[in-house]
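Observations on chain architecture
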Amino acid sequence: MDRLKVALLGMVMATIGAAAPISLMAWLSWHVALRDEQAKLQSFAARVIERAELTATQAEAALGELSVLTAPPCSREHIELMRQIVIGNRAVEEAGYYEKQRLVCTSWGRVDRPVAWGHADYVGPGGVEVVTKMQGRVLNGEPVLALRAGSYDVLVNAGRFADVIADDGIHLAFASNDGNVIAESGARDTGVIADILMGRPDSKEHPHLHAIAKRASWQAIAVQHKRDVLPELRRQQRWMLPLGLFIGLFIVALVTFLSHKRLSPLAELGVAVRRKEFLVHYQPTIDLRTGRCVGAEALVRWRRPDGALVRPDLFIPLAEDSGLIQPITDQVVDIVLREMGAALRADQALHIAINLAADDVCSGRALAVITRTVGRHGVNASQIWLEVTERGFVDADAARATLARSRELGHTTAIDDFGTGYSSLQYLQGLPVDALKIDKSFVATIGIDAVSGPVIAHIIDMARSLQLSIVAEGVETQAQADYLRAREVDFAQGWLYSKALPADEFLRFYRSMQGSTDTDRSG
Ligand SMILES: Nc1nc2c(ncn2[C@@H]2O[C@H](COP(=O)(O)O[C@H]3[C@@H](O)[C@H](n4cnc5c(=O)[nH]c(N)nc54)O[C@@H]3COP(=O)(O)O)[C@@H](O)[C@H]2O)c(=O)[nH]1
């Protein structure tokens, strides 16, 4: 993914990451507030049911006491006993005595107008009848409910059934299961209880919240307008919104961090390794004696997704520091054998030099990869030169073992950039190497730097005394080439001959030079 896409994706994710937790917390605080208010309504409904049951139990107890009275009906003594029972019972307002289904006397005296034994609305489990709208008997203008058993009834203020102290805005109702409202209390939202009893406010869009508690033939309903949830909502939002903001900021910081990491050169290089974005150019190696191209140095390049070609000195140090160099070496080996396999098989005098990094040399791991790949392509190991810089000798014993092993396998091993590190004659003597590449900084001094000039002569003498082949790098002028040939340096590379070329161009160059000599070239 290119940088623009990563940056865009990062921005989109950061925006979503910031907005999502804040929206989620806003949504959650609303739902938690609704849930809490719903739970509160449920507890009020349950309290109404408990209150109603207590009232009914007390009224039934009064009926039980009335049923065992033995005084002559409606006598002074009987009325007094009824009154005592009413006074001693917190739920009952009045007791009545019936003969032939007509009210004859109550706890307050004889009745002057006849009240009929009306139709019972419900019959409880113990045979107690309930009349919800008692005709003809009213207490202080309030509707009453009668419970009857035997010849007696007791009147209960219907309001007692819903007589629960609730928060402002909560409407409580006590009703029969068939939808007959018996008592209501608290704020009144006209029509809402009827809606609920008819099962209408199921929709989440309904402006009211409600809870129902049921017991036997009764139900209690607690209702509240959703706008009354706002104080609870604000309470929830007081901690949820800052939490959402904090999570949002955390996500933005995380996305920013990951995007930066993803956009870092190292991350890009990691992606390049995974996607195999590397290619190889070949810088021809010229035999200074014959002037012919006898090989090439494989030099890696990184082609980025936008097509730009990145020079190795810009990414090889990063790859070496991060451990990515090993897979890069593997890819270079694979590309070289794929592109040059046929030419190498056709001309066994042709060689390709591959650069090994310090990690490859110390671990020796690259040798196994090279051996496998070379074998797969049917190429002689001797045609693959391995170049090692002096940085590869940090672990001298490991490097020595790798060089010895590569020699056993048949590769030519060369010390690259010779002269720029700490190599000495004594040090070189102990190393199993076959060739020495003189760094281009020394070649550049030929003919112009009187002080450094003798150094290259010294390096050539030293290599000669160790019977090492010599390759001069960075040959840019004919004078340099002449000097090197006069000093019997074996090979040369440099812009005098060619820059590093793509595979097909290198093969053309190599074939074009098969018949030529250095004399031809220098004209
Ligand atoms: N571990 C690996 N290292 C590698 C690999 N491929 C390259 N490298 C190392 O990267 C360094 C830079 O290489 P590059 O940019 O390709 O430069 C090479 C030549 O283009 C340049 N050169 C060649 N001729 C001339 C010249 O006449 N003048 C001049 N100014 N420059 C010239 O020199 C570089 C080759 O250097 P060397 O390797 O020392 O022969 C470089 O250190 C590469 O080693 C890889 O696959 N693995």
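None of the values given here were measured: they were computed from a predicted structure. (Residues numbered from 1 in each chain as written. Predicted model: local features only at pLDDT ≥ 70, side-chain atom pairs only at ≥ 80, totals over all residues. Heavy atoms only, no water.)

A few words on the overall build of the protein chain. In terms of regular secondary structure, the protein chain is built from 16 helices and 20 strands. Across the 523 residues that make up the protein chain, the buried fraction comes to 48%. Residue pairs in contact within the protein chain that sit at least 24 positions apart in sequence constitute 62% of those at least 6 positions apart. Total accessible area on the protein chain is roughly 26,000 Å²; 56% of this is exposed by carbon and sulfur atoms. (Helix = DSSP H or I, 4+ residues; strand = E, 2+ residues; numbered from the N terminus. Buried < 20%, exposed > 50% of the residue type's maximum accessible area, 1.4 Å probe, protein only. Contact = heavy atoms within 4.5 Å. Areas by Shrake-Rupley, 256 points an atom, 1.4 Å probe, with all protein chains shown as cover.)

Now for the sheet that holds strand β11 (residues 218–225). Strand order across the open sheet formed by 4 strands is β9-β8-β11-β10, with antiparallel pairing between neighbours. For this open sheet the edge positions go to β9 (181–186) and β10 (208–215), each flanked by a neighbour on one side alone. Strand-to-strand twist of the sheet, defined as the mean angle between neighbouring strand axes without regard to direction, takes the value 15 degrees. Where strand β8 (residues 170–176) and β9 come together, 5 bridges link them in antiparallel fashion. Counterpart to H171 in the pairing with β9 is G186. (Pairing = 2+ DSSP bridges. Axes fitted to C-alpha atoms, helices over the stretch in contact; angles between N-to-C directions.)

On the surface, I22, L241, L245 and L249 cluster together into a nonpolar patch covering about 330 Å² of accessible area. By residue number, the principal contributor to the nonpolar patch is helix α4 (residues 230–263), which donates 3 residues. Along the chain, the position of L249 falls in helix α4. (Patch = residues over 30% accessible without salt bridge, like charges linked within 9 Å, V, L, I, M, F, W, Y side chains within 5 Å. Salt bridge = Lys/Arg side-chain N within 4 Å of Asp/Glu carboxyl O.)

Close contacts around the ligand come from 19 residues, with Q283, E297, D417, E473 and E476 the closest. Contact distances for the ligand include 2.9 Å between a nitrogen atom and a side-chain N or O atom of Q283. Between E297 and the ligand, the recorded distance is 2.8 Å, taken from a side-chain N or O atom to an oxygen atom. For the ligand, the accessible surface in isolation is 820 Å², of which the surrounding protein chains cover 85%. Listing elements by their share of the shell around the ligand, those giving two or more residues are β13 (293–303), α6 (312–322) and β17 (412–418). Across the shell around the ligand, the residue classes break down as 8 nonpolar, 4 polar and 7 charged. (Near = heavy atom within 4 Å. Polar contact = N/O pair within 3.5 Å; in protein donor to acceptor, adjacent residues only side chain to side chain. Nonpolar A, V, L, I, M, F, W, Y, C, P; charged D, E, K, R; others polar.)

Close contact between helix α7 (residues 325–346) and helix α9 (residues 365–376) brings their axes to 10 Å; oriented N to C, the two are set at 20 degrees. With respect to α9, the axis of α7 lies roughly parallel. Where α7 crosses over α9, the handedness of that crossing is right-handed. Of the residues in α9, those in contact with Q326, T329, D330, V333, D334 and L337 of α7 are R365, A366, V369, I370, T373, V374 and R376. (Parallel < 35°, antiparallel > 145°, perpendicular 65-115°, else oblique. Left-handed = near helix turned anticlockwise from the far one by under 90°.)

Per the UniProt entry, the sites bearing "transmembrane region" (unreviewed entry) are residues 6–30 and 239–258 in this numbering. Taken end to end, residues 6–30 has its terminal C-alpha atoms 36 Å apart, with 100% of it in helix and 0% in strand. Within residues 239–258, the helical portion is 100% and the strand portion 0%, while the C-alpha atoms at the span's ends are 28 Å from each other. (UniProt positions renumbered as here; feature names shortened; annotations may be inferred.)

This paragraph deals with the pattern of salt bridges. Scanning all chains against the criterion turns up 21 salt bridges. Across the pair R235 and E232 runs a salt bridge whose closest N-O atoms are separated by 2.9 Å. One end of the pair is R235 and the other is E232, both in helix α4 and 3 residues apart, which spans about a single turn. What makes R235 partly exposed here is its relative accessible area of 44%. E232 gets classed as buried once you look at its relative accessible area, which sits at 11%.

Y282, L484 and F506 are the most contacted members of the largest nonpolar core, which has 77 residues in total. Take this core: its biggest share by element is 10 residues, from α7. Those residues within four positions of F506 in sequence are excluded, and the remaining contacts are Y282, P284, C293, G295, A296, M340, I352 and L501. Judged by nonpolar contacts, the second largest core, of 48 residues, contains C74, Y97, V130 and F161. (Core = buried A, V, L, I, M, F, W, Y, C linked by side-chain atoms within 4.5 Å.)

Here the focus is unusual backbone geometry. With a phi angle near 60 degrees, C74 is a residue other than glycine that sits in the positive phi range. Relative to the assigned elements, C74 resides in the loop between α1 (3–67) and α2 (76–87). The phi dihedral of E488 is positive, around 60 degrees, even though this residue is not glycine. Locating E488 in the fold gives a position in the loop between α14 (478–486) and β20 (491–492). Overall, the relative accessible area of 58% leaves E488 in the exposed class.

Our focus in this paragraph is the packing of aromatic side chains. As enumerated under the stated definition, the model contains 11 aromatic pairs in all. In textbook terms, an aromatic cluster arises when at least three aromatic residues are bridged by ring pairs, as seen for Y122, F161, F174 and W218. One Lys or Arg, R148, reaches over the ring of W117 and ends 4.0 Å from the middle of that ring. Here the basic side chain of R304 rests over the ring of W302, its NZ or CZ set 5.5 Å away from the ring centre. (Phe/Tyr/Trp six-rings, centres within 6.5 Å; stacked < 30°, edge-to-face > 60°. Lys NZ or Arg CZ within 6 Å of the ring centre and 35° of its normal.)

Here strand β18 (residues 435–438) shows no split at all, with A435 and K437 on one side and L436 and I438 on the other all buried. Of the strand pairs in this sheet, β17 and β18 are connected by 3 bridges, and their pairing is parallel. Considered in β18, the bridge of I415 is made with L436. For β18 and strand β19 (residues 469–472), the ladder comprises 4 bridges, and the chain directions are parallel.

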